[in-house]
Amino acid sequence: MTDFARTRALFELPEDIVYLDGNSLGPLPRAARERVSRVVSREWGQKLIRGWNEAGWMDLPDTVGNKIAKLIGAPEGTVVAGDSTSVNLHKALTGALSLAGQRKVVLSDTGNFPTDLYVAQMAIRALGKDHELKLVAPEDVAGAIDETVAVLMLTQIDYRTGRLHDMQALTAKARENGVVTIWDLAHSAGALPVDLAGANADFAVGCGYKYLNGGPGAPAFIYVKPGLGDRIDPVLAGWMGHEAPFAFDLAYRPAAGIQRMRVGTPPILSMAALDAALDAWDGITMDDVRARSIELSERFITEIESRCPDLTLASPRDPHRRGSQVSFAFPEGYAAMQACIAHGVIGDFRAPDIMRFGFTPLYIGMDDVIRATEAIGRVMREKLWDRAEYRTRAKVT
Ligand SMILES: *Cc1c(COP(=O)(O)O)cnc(C)c1O
């Protein structure tokens, strides 16, 4: 069994708050602070340009990608880190469409994260091949997979409700119908066991700054199934994805496999932070993380429902049908979340009325959950949220 007291000590966490927002931005791993400081002073400061070769900077997208691969059931050499999730999704979708023949439909659902849909809308327009983005309700996705669909593009865990898609079953149905699959693992990687190889998914993307704790704006990742990479003509091509970047050829020749998903120069300070952050997962099984996350979130729901009759559970009640977050709906959810934060419990708010709380066993324990529910209970019972200052919306909610 994983020793979560040991992993908690790996993170810098302020004493006076309970942090239930690691699904949006993971906390600072102590190792990341040390690593970034070392990279800045000893590598950038002393080695200068020599760092690319001598300090392994050039290999970081692969080093980091391989660490992430272990958490998402991907074989070595199938994941690279870099760019943002949005940009990686663009690469995955345009790559998938280049493999999908004459079919025109990109199928997704209305619970998907807006950036995914924006990427799809505009990538389709830029390609100019009359593809069509078709959105159905999340529960209708399985029924909408047929032989007209080119690409199935889904986010496994709904960012608002935490509802979990059955990746295995949907990918299997897609394969039976000759549909290329793309999974967005933004709220899955580091949150629960994912088995990309077992599900036989074609593409996946995800974030480095959420459950992987890589820091604000950390590099994202992209997975391409073995054997598939070589068949893609990258739309977003750059020299780092060239077969020989330092040959400075005038013509683009894509590198082998996943390497052609690289575009430009990797952000080394951010890569180093994410690389160090990922060491927190050494010796941990995702099954233990999942079991603990369910224990924590079940207790949270029980406590909140008994203390806060005004809050309505917006997540699936069955823990096996949700990710590692719990959401409650409340019409004054924004003000209520601001009041919770002022009273020491950090979660976040998603329009129109969702108060969202993430459970991250690496550094959140049962004591934290109890402390959080006591504070939230008081905010709700005494209507502490009912103040003008809590209603003013900040840029980031
Ligand atoms: C958080 C999140 C993103 C974020 O994309 P960025 O490009 O990193 O801003 C994308 N997709 C989903 C499903 C997310 O939850």
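Residues numbered from 1 in each chain as written. Predicted model: local features only at pLDDT ≥ 70, side-chain atom pairs only at ≥ 80, totals over all residues. Heavy atoms only, no water.

Definition in use: UniProt positions are given in the numbering used here, feature names are shortened, and annotations may be inferred rather than shown by experiment.
By the naming in an unreviewed UniProt entry, the protein chain goes by Kynureninase and is assigned to Aquibium pacificus. Database annotation for the protein chain, UniProt heading Subunit (unreviewed entry): "Homodimer." Turning to the protein chain, the UniProt annotation filed under Cofactor (unreviewed entry) states: "pyridoxal 5'-phosphate".

## Section: the domain arrangement of the protein chain
Accessible area lost on assembly of the parts is the figure often given for the size of an interface. Here is the rule: The source of the domain bounds is an automatic or database domain assignment. We call two residues in contact when some of their heavy atoms are within 4.5 Å. A quick way to say it: buried area is the sum, across both parts, of accessible area lost when two parts are put together, with a 1.4 Å probe. When a carboxyl oxygen of Asp or Glu is within 4 Å of a side-chain nitrogen of Lys or Arg, the pair counts as a salt bridge. Here a polar contact is recorded for every N or O atom pair within 3.5 Å, except that within protein the pair must consist of a potential hydrogen donor and a potential acceptor, and residues adjacent in sequence are included only if both atoms are side-chain atoms. By definition, any uninterrupted DSSP run of H or I lasting at least four residues is a helix, any uninterrupted run of E lasting at least two residues is a strand, and each is numbered from the N terminus. When residues are sorted by character, Ala, Val, Leu, Ile, Met, Phe, Trp, Tyr, Cys and Pro go into the nonpolar class, Asp, Glu, Lys and Arg into the charged class, and all the rest, Gly among them, into the polar class.
Assigned domains within the protein chain: domain 1 (4-28 + 285-391) and domain 2 (56-281). Contacts between domain 1 and domain 2 engage 31 residues on the former and 22 residues on the latter. Counting the surface lost from both domain 1 and domain 2, the interface buries some 2,000 Å², and carbon and sulfur atoms represent 62% of this. Taken together, domain 1 and domain 2 are joined by zero salt bridges. Summed over the shared surface of domain 1 and domain 2, the result is ten residue pairs in polar contact (both at pLDDT 80 or more). Among the secondary structure elements, those contributing two or more residues to the side of domain 1 that touches domain 2 are helix H11 (286-307), strand S12 (325-329) and strand S15 (354-358). If one sorts the elements of the side of domain 1 that touches domain 2 by residue count, H11 sits on top with four residues. A class-by-class count of the residues in the side of domain 1 that touches domain 2 yields 13 nonpolar, twelve polar and six charged.

## Side note on the sheet that holds strand S5 (residues 105-109)
Rule in force here: Pairs of strands are assigned from DSSP output, requiring at least two bridges between the strands. Whenever a helix is involved, its axis is fitted only over the stretch in contact; in every case the axis is a line through C-alpha atoms, and angles between N-to-C directions fall within 0 to 180 degrees.
Read from one edge to the other, the open sheet built from seven strands follows the order S4-S10-S9-S8-S7-S5-S6, with strand pairing classed as mixed. The strands lining the two open edges of the sheet, one partner per strand, are strand S4 (79-81) and strand S6 (132-136). Across the sheet, the axes of successive neighbouring strands diverge by a mean angle of 20 degrees, strand direction being ignored. As judged from the three bridges shared by S5 and strand S7 (residues 149-155), these two strands associate in the parallel manner. Note on S7: the bridge partner recorded for Val 105 is Val 149. This element, helix H4 (residues 60-71), spans S4 and strand S10 (221-224) of the sheet and lies at about 125 degrees to S4.

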